[in-house]
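# Structure at a glance
Residues per chain, in single letters:
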Amino acid sequence: MHVPEQPRPGLFARLAASVSDPVLRILVGATLISRVGRGIFLTVTVLYFTFIVGLAPHEVAIVLAAASAAGVVASLAGGWLADRFSARRLVIWFTAIEGVALITYVFAGDFVTALVIAVICGAFEQGANSTRSAIIARAFDGESRVHARAVLRTVTNLSIAVGSGLGALALALGTAEAYRGLIVGAGVLYLLGLFQLVKLPSRVDAPPRPAVESVLTATGSVDAMATADAADESRRDWVRRSPWRDPRYLVFTALSAVFGMQFGVAELGVPLWIARETAAPEVLVALLLILNTVVVVIFQVPLSKGTHDFRVAARVSAISAWLMAGACLVYAAAAGLPVGFAIAVLVIAALAHAFAEVLSQAGGWGLSFELADPLRAGAYQGVFSMGYSVGALAAPLVVNATAIEHGFSGWAMLAVIFLGSGLGTWWIARRAAATSVVV
């Protein structure tokens with residue numbers, strides 16, 4: 001008997017199905033709103049500091065570096081706190097403080113004020129990110145955790161793109177009022193996202209640590225010494241579960257941080273390379289960023305499927321390593337070519353780069369969850385987030401010292417760095433697959 005083929009669900013039906021979980025819907029709603037504000041701020045921040053606040057270039061660099069450094073510490077602290085206090089309340093408070101701090105940028109009139117506000121924003125942004133990762137680790141399991149991260153990253157890219165378009169209004173008008181008005185709007189959008197976050201259920205919080213039961217003697221009285229020993233053993237077990245005592249996770253985090261410098265290549269290396277060393281028009285920088293966003297939006301969710309499996313995570317990590325290494329060499333090859341060839345080569349490199357980004361994120365998310373001790377989800381996600389923050393902090397220095405300073409040989413050095421870190425992640429995932437016990 002012939003069974004008629006079921007029609008494939010439409011695009012909107014598939015999108016709705018991808019956020020069917022109530023916790024994911026809440027996080028998506030908050031992200032859609034608040035990340036538009038993030039896109040606005042990312043677009044105007046450097047020019048606001050320069051033209052409105054009146055900071056010198058080196059002062060702007062210090063402000064941004066200090067914010068990133070504060071984020072490194074806050075990434076760790078956010079995860080640590082999420083194991084001890086309500087993650088729901090933490091993410092609400094962190095987001096609220098960051099939104100208010102963004103609004104106070106309109107009162108920044110000197111270097112010190114801008115520095116203090118930037119440090120507060122950077123710290124609470126990364127603290128919220130770590131807490132959000134802990135929430136995902138507890139609210140979902142297996143493949144659904146990676147799916148949630150992929151959906152949220154897709155939504156983040158879309159929202160930031162919209163915010164960037166709104167931020168362009170301030171750049172077009174060029175007035176202090178336009179800049180300040182959009183910065184206030186960005187902060188308000190963060191605060192509006194709180195109306196979604198307050199709906200998070202209690203199951204996203206860390207489970208309470210089991211209480212140590214009193215040890216009784218033969219007569220039924222409490223044996224104080226034995227009870228104290230049991231309490232000490234419980235504390236020692238908690239400490240033993242720390243990510244800082246997990247060498248495999250620390251090495252994985254370090255490798256992920258190194259590979260994460262590929263974002264610095266896109267933000268700093270490629271724009272400067274195009275402007276200084278190739279015949280391609282500078283407008284290509286914006287077009288390549290749009291191309292990257294399109295690839296992430298279309299492919300992040302489907303290519304993240306199955307990366308909770310160590311073998312799949314190993315495979316995508318290896319592919320991303322070779323793609324990123326190849327992208328570096330192709331970027332370098334664009335120097336000295338005629339305009340048309342240079343544009344074509346740069347587009348090919350950007351496509352390889354975009355897919356390397358998508359695959360490396362998918363593999364990294366799967367491993368960050370599956371290699372972690374579930375009882376210390378917050379601490380593990382805090383360490384992983386801290387690694388990415390360190391990578392982001394180091395990326396401008398590394399990219400400048402390689403590709404920008406040494407040209408083709410510098411790009412080749414970057415290719416080796418990315419290949420080594422990506423294949424190192426592949427090796428860890430393969431080892432984990434070989435030693436894991438299938439129940």
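Residues numbered from 1 in each chain as written. Predicted model: local features only at pLDDT ≥ 70, side-chain atom pairs only at ≥ 80, totals over all residues. Heavy atoms only, no water.

The test is simple: UniProt positions are given in the numbering used here, feature names are shortened, and annotations may be inferred rather than shown by experiment.
The name given to the protein in an unreviewed UniProt entry is MFS transporter, with Agromyces neolithicus as the source organism. The heading Subcellular location (unreviewed entry) in the UniProt record of the protein holds the text "Cell membrane".

### A word on the overall build of the protein
Quick reminder of the rule: Secondary structure is summarised from DSSP: a helix means a run of H or I of at least four residues, a strand means a run of E of at least two, and numbering begins at the N terminus for each. For the exposure calls, accessible area comes from a 1.4 Å probe over protein chains only, and a residue counts as buried if that area is under 20% of its type's maximum, exposed if over 50%, partly exposed in between. For this analysis, residues touch if any pair of their heavy atoms sits within 4.5 Å.
When you go through the protein residue by residue, the secondary structure sums to 16 helices and 0 strands. The buried share of the protein, taken over its 439 residues, is 48%. Taking as baseline every contact in the protein between residues at least 6 positions apart, the subset at least 24 positions apart corresponds to 82%.

### Examining empty space enclosed by the protein
Applicable threshold: The distinction between a cavity and a pocket rests on a 1 Å grid over the protein atoms alone: a 1.4 Å probe fits inside a cavity but cannot get out, while a pocket stays open yet meets protein on both sides within 12 Å along at least five of seven lines, and a residue with an atom within 4 Å of a point counts as lining. Grid points are joined across faces, edges and corners, and a volume is the space filled by probe spheres set on the points.
Inspection of the entire model under this criterion finds 2 cavities of 30 Å³ or more. Its volume calculated, the largest cavity comes out at about 120 Å³. Only α11 (262-277), α12 (283-303) and α14 (339-370) provide two or more residues apiece to the lining of the largest cavity. Ranked by residues supplied to the lining of the largest cavity, first place goes to α12 with 4 residues.

### A short note on the pattern of salt bridges
Here is the rule we go by: Here, a salt bridge means any side-chain nitrogen of Lys or Arg that lies within 4 Å of a carboxyl oxygen of Asp or Glu.
Inspection of the entire model under this criterion finds 7 salt bridges. Of the charged contacts in the structure, one is a salt bridge between Glu370 and Arg145, with a shortest N-O distance of 2.9 Å. Here Glu370, found in helix α14, pairs with Arg145, found in helix α6 (residues 143-173); they are 225 residues apart in sequence, far enough to count as distant. Taking relative accessible area as the criterion, Glu370 reaches 27% and is therefore assigned partly exposed.

### Some thoughts on the packing of aromatic side chains
The cut-off we apply is this: Paired rings are identified among Phe, Tyr and Trp, the last through its six-membered ring, by centres lying within 6.5 Å, and are further divided according to the angle between planes into stacked (under 30 degrees), edge-to-face (over 60) and tilted (the rest).
One pass over the structure, following the stated rule, counts 13 aromatic pairs. Residues Tyr48 and Tyr179 carry aromatic rings whose centres are separated by 6.2 Å and whose planes lie at 40° to one another, so their mutual orientation is tilted. Here Tyr48, found in helix α2 (residues 22-53), pairs with Tyr179, found in helix α7 (residues 176-192); they are 131 residues apart in sequence, far enough to count as distant. Take Tyr48 and Tyr179: they sit in the same class, and that class is buried.

### Here's the deal with the environment of Gly78
Along the polypeptide, Gly78 turns up in helix α3 (residues 57-82). Counting along the chain gives 46 residues from Gly78 to Phe124, while the straight-line C-alpha distance between them is 8.5 Å. With sequence-adjacent residues up to four places away left out, Gly78 is seen in contact with Phe94, Gly127, Ser130 and Thr131.

### Brief notes about the side chain of Ser320
What counts, and what does not: Pairs of N or O atoms are called polar contacts if they sit within 3.5 Å, as long as, within protein, a hydrogen donor faces a hydrogen acceptor (for residues adjacent in sequence, only side-chain-to-side-chain pairs).
Structurally, Ser320 is set in helix α13 (residues 310-333). Take Ser320: its relative accessible area is 2%, and that puts it in the buried class. There is a polar contact of 2.8 Å between the side chain of Ser320 and the backbone oxygen of Ser317. Residues contacting Ser320, with those up to four places away along its chain left out, are Phe259, Ala356, Leu359 and Ser360.

### A closer look at α3
Going by this rule: For a helix, the expected span equals 1.5 Å multiplied by the number of residues minus one. What the bend at a residue measures is the angle between two axes, fitted to the seven residues ending there and to the seven starting there.
Compared with an ideal rise of 1.5 Å per residue, which puts 26 residues at 38 Å, α3 spans 37 Å between its outermost C-alpha atoms and is within 8% of the ideal. The largest bend in α3 comes to about 25°, at Val73. Those residues of α3 lying buried are Val60, Val63, Ala67, Ala70, Gly71, Val72, Ala74, Ser75, Gly78, Gly79 and Ala82. Where α3 is buried, its residues meet α2, α4 (87-103), α5 (111-139) and α15 (377-406).

### As for the nonpolar core
Heads up, the condition is: Here, the term nonpolar core denotes a set of buried Ala, Val, Leu, Ile, Met, Phe, Trp, Tyr and Cys residues that are joined through side-chain atoms within 4.5 Å.
Of all hydrophobic cores here, the largest spans 34 residues; its most connected members are Val265, Ile274, Tyr331, Leu346, Trp411 and Phe418. Elements with a contribution of two residues or more to this core: α11, α12, α13, α14, α15 and α16 (408-435). Beyond its immediate stretch of four places on either side in the chain, Leu346 contacts Ile274, Thr278, Ala280, Leu284, Leu288, Tyr331 and Ala334. Of all hydrophobic cores here, the second largest spans 29 residues; its members include Ala87, Ile136, Phe140 and Leu194.

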